[in-house]
Amino acid sequence: MTMQIAVCVKQVLDTTLPLRVVDGVVRQVARRPIAQPGLADCAALEAALALRARVGGEIAAVSVGEAEAVEALRFCLARGVDRAVHVRRADRLDPVGAARVVVRALAASPVAIVMSGAASGDGASGLFPAVVAEGLGWPLVTGVAALEVDDSDPREPLRSLTAVRRLERSDREIVRCPLPAVLAFDGKG
């Protein structure tokens, strides 16, 4: 069976442009808001693409929302994911609500790995991957900077991964994680 990887992405305001707070809401100083997937989500996407190149499988990009979710999914399709899953929601969900919706969307899928940013580029609560892991009943590895795959028999399904976690003061930690699992990338490059 082909390994299935899900990458969760969220479209956020481009933070390279000036931002200001107006009536308690963060707004860009631009004629038209410019948004893109967050840096941590992009790190998760790139890791998924690299993992697929190494061990095969299929990648589904998942995003929750309306038009902004469609734009995030288009970005992922352009980068090379195999399919997009748009969970339509007109209401603005907090990270816990969005994670619960994603868990329901993934529950019937044979997904082996869920990858996301450790924290979104807007609220940055870091709750999303934890709630997804809890909802699926899978282990969670946070602060992932890189993934390593052992050179086992390529005909055998992948049973675990080695994650390199970024710690304080540029320290690193090596964690071996059984699959299925949720991996949260830090996006700090």
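In what follows, the structure referred to is the one given above.
Just so it is clear, the structure is predicted and the values come from calculations on it, not from any experiment.

In sheet architecture, strand pairing relies on hydrogen bonds along the backbone and comes in two forms, parallel and antiparallel. With mixed pairing, eight strands are arranged side by side in an open sheet as β7-β6-β1-β8-β12-β9-β10-β11. Looking along the sheet, the strands with just one partner apiece sit at the ends: β7 (83-88) and β11 (172-178). Neighbour-to-neighbour, the strand axes of the sheet open up by a mean angle of 40°, direction not taken into account. The sheet contact formed by strand β10 (residues 160-166) and β11 spans seven bridges and is antiparallel. When the sheet's bridge partners are listed, Arg166 is paired in β11 with Arg172. Where helix α3 (residues 95-106) meets the sheet, its contacts fall on β1 (4-8), β6 (58-65), β7 and β8 (111-117), and the angle it forms with β6 comes to roughly 140°.

Another point: the side chain of Ser116. In this fold, Ser116 is placed in strand β8. Dropping the residues within four chain positions of it, Ser116 is found in contact with Cys8, Asp41, Ala44, Phe128, Pro129, Leu183, Ala184 and Phe185.

Moving on: the pairing of β8. Counted residue by residue, β8 has seven buried out of seven residues, so it is predominantly covered. Here four bridges tie β1 to β8, and the two strands are oriented parallel to one another. Note that in β8 the partner of Ile5 across the bridge is Ile113. Looking at chain direction, β8 and strand β12 (residues 181-185) are connected through five bridges and run parallel. Its bridge partner being in β12, Ser116 is matched across the sheet by Ala184.

For Ser63, the position within the fold is in strand β6. Excluding its chain neighbours within four sequence positions, the residues that come into contact with Ser63 are Val9, Lys10, Ala69, Ala72, Leu73, Val85, His86 and Val87.

The tally for this structure, following the rule as stated, stands at five salt bridges. The partner of Asp82 in a salt bridge is Arg52, with the nearest N and O atoms 3.0 Å apart. Of this pair, Asp82 sits in the loop between α2 (67-79) and β7 while Arg52 sits in helix α1 (residues 39-55), placing them 30 residues apart in sequence. Asp186 is the salt-bridge partner of Arg166, the closest N and O atoms lying 2.5 Å from each other. Of this pair, Arg166 sits in strand β10 while Asp186 sits in the segment after β12, and the two are 20 residues apart along the sequence. Classification of Asp186 as buried rests on a relative accessible area of 16%.

The omega angle of the peptide bond from Leu179 to Pro180 is 5°, so this bond is cis rather than trans. Phi at Asp23 takes a positive value of approximately 55°, unusual for a residue other than glycine. Tracing the backbone through its elements, the reader meets Asp23 in the loop between β3 (19-22) and β4 (25-28). Judged by relative accessible area, which is 77%, Asp23 ranks as exposed. You will see that Arg169, though not glycine, has its phi angle at about 55°, which is positive. When you line up the elements, Arg169 lands in the loop between β10 and β11. What makes Arg169 exposed here is its relative accessible area of 70%.

Analysis parameters
- Each chain has its residues counted from 1, running along the sequence as written.
- Only residues with pLDDT of 70 or above have their local features reported here, since the model is predicted, and side-chain atom pairs are shown and tallied only from 80 upward, although totals for entire chains, interfaces and linings are computed over all residues.
- Hydrogen atoms and water are omitted, and side-chain values are computed over all heavy atoms in the structure.
- Pairing between strands requires that DSSP locate at least two bridges from one strand to the other.
- Numbering of helices and strands runs from the N terminus, with a helix taken as a DSSP run of H or I at least four residues long and a strand as a DSSP run of E at least two residues long.
- Here an angle of 0 to 180 degrees is reported between the N-to-C directions of two axes, which are lines fitted to C-alpha atoms, with helices fitted over the stretch in contact.
- Working rule for contacts: check all heavy atoms of both residues, and any pair within 4.5 Å makes them a contact.
- Only protein chains enter the calculation, and the probe is 1.4 Å; a residue is then buried if its accessible area is under 20% of its type maximum, exposed if over 50%, and partly exposed in between.
- One speaks of a salt bridge when a side-chain nitrogen belonging to Lys or Arg is within 4 Å of a carboxyl oxygen belonging to Asp or Glu.

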